[in-house]
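The primary structure of each chain is shown beneath.
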Amino acid sequence: MYTSISEEEKLGHPYYQIMELKKEELKGELNSWSRLKLIDWLSWNDRNGVYRDEDSIDELGNVLGKKEAIEIMSRQILENQ
């Protein structure tokens, strides 16, 4: 069952907070994240995506690198602002 989240809850959750950053702030913040944290956010944001190592190896034959994860995450966030 889906329950909506309040604006206050969104602002307190780090995964929602990152989506409020401007392009340059976002770039700096994402560069400070680990590859695994980026993959965790991508998996949270896009449940149908293939980001986790095991799934990525099975479907694509490789793992998602940090640089590519930053590019995908930036695109997903900036396209929705």
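Caption draft 1: Summary view of the packing of helix H3 (residues 23-32) against helix H6 (residues 66-78). The geometry of H3 relative to H6 is characterised by a closest axis approach of 10 Å and an angle of 145° between their N-to-C directions. Like other packed secondary-structure pairs, H3 and H6 cross with a definite hand, here right-handed. Of H6, the residues touching H3 (which contributes Lys23, Leu26, Leu30 and Asn31) are Lys66, Ile70, Met73, Ser74, Ile77 and Leu78.

Caption draft 2: Here's a closer look at the environment of Leu60. For Leu60, the location among the structural elements is in helix H5 (residues 53-60). Given a relative accessible area of 56%, Leu60 falls into the exposed group.

Caption draft 3: A look at helix H4 (residues 35-45). For H4, the full list of buried residues reads Leu38, Ile39, Trp41, Leu42 and Ser43. Buried residues belonging to H4 abut helix H2 (14-17), H3, H5 and H6.

Rules of the game
Residues numbered from 1 in each chain as written. Predicted model: local features only at pLDDT ≥ 70, side-chain atom pairs only at ≥ 80, totals over all residues. Heavy atoms only, no water. Axes fitted to C-alpha atoms, helices over the stretch in contact; angles between N-to-C directions. Helix = DSSP H or I, 4+ residues; strand = E, 2+ residues; numbered from the N terminus. Left-handed = near helix turned anticlockwise from the far one by under 90°. Contact = heavy atoms within 4.5 Å. Buried < 20%, exposed > 50% of the residue type's maximum accessible area, 1.4 Å probe, protein only.

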